[in-house]
Amino acid sequence: MDLFLQSLISGIMTGGVYAIIALGLTLIFGVMRIINMAHGEFLMIGMYISYFSYTLFHIDPFISIVISAPLTFLLGVVIYRFVVSRSQNEENSLILTAGLSLVLANTALLLWSPDYRHLKVPYGTEVVKLGNISVSLPMLISFLITIAITLLLYWFLNKTDLGLAIRASAQESEAATVMGINVKKIAMITFGIGAAFASISGSLLAPALYAYPTIGTLFLVKAFVVVVLGGMGSVEGALIGGIILGVTESLGSVYISTGMTDAFGLILFLLILLFRPSGLFGTATR
Amino acid sequence: MLKVNHLQAFYGDIQALWDISFEVQEGEIVSLIGANGAGKTTTLKSVAGLIQNKKGEITFKGEDITEKNGFEMAGAGISYVPEGRKVFPQMTVYENLVLGSYNPRAKSDRENMLEQVYQMFPRLKDRHKQHAGTLSGGEQQMLAIGRGLMSKPDILLLDEPSLGIAPILVQEIFEKIKEINQEGMTILLVEQHVHHALELSDRAYVIEHGEIAVSGTAEEMLNDERVREAYLGI
């Protein structure tokens, strides 16, 4: 029973990070109908920013979010403005962002070599005991940050004019234009926010995982699974989908096989596509 | 107030408007009538800045707005209420109305405008927490008009406000339009129900194949042989 609870809780914690990655992807998809194949690379960039902030300036990885998020936001905005916005339709943008993914990953390879880099924080192996269950301290911190960021996004999308404008652009872009919303500018901002979310999750993962230039692909796949689970374009869906994926992986690796951890997500993905193609919380399009 | 001179508009290579000229004076209701595909909606969309590819001249309150973008029109005082309502379906009635006052000149007066819109359409107040997508067609139309008013416009462009609405509510919508006009709002109306539209309007223009075919006061139109035959079926 303890083992079950233990893996359940660590699954939920990992799931929180997955949710953050997926939130970025789903936001971009919701507003622009663009499937951003380069999403994982923004995560990779976030990881490297945290890695270098720590090794060069001794900035804690969780604090370096305040550096990685705005930097990747700006990078996202610039890339959208000069590259992604040129694509005219969904198919084009898919190929364009796939190319962008290759360019970013290979630039990282060139700049930082293919070496695996480990960000070793002093409290990296500390655990917090909750009864018989122990939780890794970095995991706990990153989960709490995840919750805070999700709440912040929820508040932003529901209570601020800019957030409402983003949702309006996603739902009826012509009507949004009539309201005085510059939909192109909103798309640019949304792309930046999506990129920032990916990089935040990169920073959160930095103390736990090795950073390397092509790590993005692995997490892009996970983000797809989460987004399909939760339904395209849904914030709540991404959060719950992320946690479901995290728990599935965690329980699967404990009770079935550790080596297959990354496969469980894909199995889940197939099952969802077979039985609930619009996602667990997605509404069927009319 | 609004002056359109020799307007031509294009969808890609296809020319939809050939020569449209008309004007709307402050305080008037002016109708554009015509068959399906004649260019009524295209005319409204051109004025609303939603069609970029156009020639001719559109001036509003003396200012040339031909080249303005669609998102600049709300700030200029032009509010377009689109055909098919186009409310934001997964947002609440309240959020839809708030978005109506997104432009800076309306934002500061948001609470006040909200009060007025709720007063005009009490049903929207009752349902302010409901998602717009769950409203009936008539309620969505009221919401679309209310949202249009939230931007504090000088002119309201109404595109087929009775389209797809239960007959019982059509009358109510037209009464509201009249009420809005009596409170001083200038209105440019495109409407399939020609008879209703003419009864409501001060003047009207008939558009045929992208050109103005006939124009005059609503009364003249109601008595015009051609209009009666082609659009009123009398």
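It should be noted that the structure appears before, not after, this text.
Residues numbered from 1 in each chain as written. Chains lettered and ligands numbered in written order. Predicted model: local features only at pLDDT ≥ 70, side-chain atom pairs only at ≥ 80, totals over all residues. Heavy atoms only, no water.

A closer look at the pattern of salt bridges
In this structure the tally under the stated criterion is 17 salt bridges over all chains. Residue Asp262 of chain A is joined to Lys222 of chain A by a salt bridge in which the shortest nitrogen-to-oxygen separation is 2.7 Å. Within this pair, whereas Asp262 of chain A is found in helix H11 (residues 261-275), its partner Lys222 of chain A is found in helix H9 (residues 215-230), the two being separated by 40 residues in sequence. What makes Asp262 of chain A partly exposed here is its relative accessible area of 41%. Taken together, the shared-partner salt bridges in this structure form one network comprising Arg123, Arg127, Glu139 and Glu172 of chain B. (Salt bridge = Lys/Arg side-chain N within 4 Å of Asp/Glu carboxyl O. Helix = DSSP H or I, 4+ residues; strand = E, 2+ residues; numbered from the N terminus. Buried < 20%, exposed > 50% of the residue type's maximum accessible area, 1.4 Å probe, protein only.)

So, the pairing of strand S7 (residues 155-159) of chain B
Residues and elements named next belong to chain B. In terms of burial, S7 is a largely internal element, five of the five residues being buried. Burial of S7 is two-sided: the residues Ile155, Leu157 and Asp159 facing one way and the residues Leu156 and Leu158 facing the other way are all buried. As defined by bridge partners, S7 adjoins strand S8 (residues 186-190) across five bridges and the pair is classed as parallel. Bridge assignment links Ile155 to a residue of S8, and that residue is Thr186. With helix H8 (residues 167-182) bridging S7 and its parallel neighbour S8, the resulting β-α-β unit is right-handed. (Pairing = 2+ DSSP bridges. Right-handed = clockwise from strand over helix to strand, strands pointing away.)

A look at helix H5 (residues 137-159) of chain A
All names here are of chain A. Its 23 residues give H5 an end-to-end C-alpha distance of 33 Å, which sits within 8% of 33 Å, the value for a rise of 1.5 Å per residue. Every buried residue of H5 is accounted for by Pro138, Ser142, Phe143, Ile145, Thr146, Ile149, Thr150, Leu153, Phe156 and Leu157. Along its buried surface, H5 packs onto helix H1 (2-32), helix H3 (65-82), strand S2 (133-136), helix H6 (161-171), helix H8 (183-205) and helix H10 (235-255). (Expected span 1.5 Å × (residues − 1). Contact = heavy atoms within 4.5 Å.)

Looking at the environment of Ser31 of chain B
Residues and elements named next belong to chain B. Residue placement: Ser31 occurs in strand S3 (residues 29-33). Along the backbone, Ser31 and Asn103 are 72 residues apart, and their C-alpha atoms lie at a distance of 27 Å. Apart from the residues within four sequence positions on either side, Ser31 is in contact with Leu189, Ala197, Ser201, Arg203, Ala204 and Tyr205. Engagement of the side chain of Ser31 in a polar contact is seen with the side chain of Ser201, the distance being 2.5 Å. (Polar contact = N/O pair within 3.5 Å; in protein donor to acceptor, adjacent residues only side chain to side chain.)

Description of empty space enclosed by the protein
All names here are of chain B. The full count for this structure, using the stated rule, is three cavities of 30 Å³ or more. Empty space within the largest cavity amounts to approximately 60 Å³. Elements with a minimum of two residues in the lining of the largest cavity: strand S6 (78-81) and helix H7 (137-150). Per element, the largest residue contribution to the lining of the largest cavity is four residues, and it comes from S6. Here the residues of the lining of the largest cavity are counted per class, giving eight nonpolar, four polar and one charged. (1 Å grid on protein atoms, 1.4 Å probe; cavity = no way out; pocket = protein on both sides within 12 Å on 5 of 7 lines; lining within 4 Å. Points joined across faces, edges and corners; volume = space filled by probe spheres on them. Nonpolar A, V, L, I, M, F, W, Y, C, P; charged D, E, K, R; others polar.)

Brief notes about the environment of Ser101 of chain B
Residues and elements named next belong to chain B. Along the polypeptide, Ser101 turns up in the loop between helix H3 (93-100) and helix H4 (104-107). A residue is classified by how much of its surface remains accessible, and Ser101, at 0% relative accessible area, is buried. With 49 residues separating them in the primary sequence, Ser101 and Met150 have C-alpha atoms 5.1 Å apart. Those residues in contact with Ser101, other than ones at most four positions away along the chain, are Ala106, Lys107, Arg110 and Met150. A polar side-chain atom of Ser101 sits 2.7 Å from a polar atom in the side chain of Arg110.

So, the interface of chain B and chain A
The figure often quoted for interface size is the accessible area lost as the parts come together. On the chain A side, the residues contacting the 22 residues of chain B number 19 residues. Carbon and sulfur atoms supply 61% of the area buried between chain B and chain A, which totals about 2000 Å² over both sides. Sorting the residues of chain B by area buried against chain A places Phe71, Phe88 and Tyr102 of chain B first, and these three jointly supply 32% of that buried surface. The tally of links between chain B and chain A comes to four salt bridges. Across the salt bridge formed by Glu95 of chain B and Arg167 of chain A, the nearest N and O atoms sit 3.1 Å from each other. Joining chain B to chain A, the criterion identifies five residue pairs in polar contact (both at pLDDT 80 or more). For the side of chain B that touches chain A, the elements supplying multiple residues, two or more each, are helix H2 (70-76) and H3 of chain B. In terms of residue count, H3 of chain B provides more of the side of chain B that touches chain A than any other element does, four residues in total. Among the residues forming the side of chain B that touches chain A, the class breakdown is eleven nonpolar, five polar and six charged. (Buried area = accessible area lost by both parts, 1.4 Å probe.)

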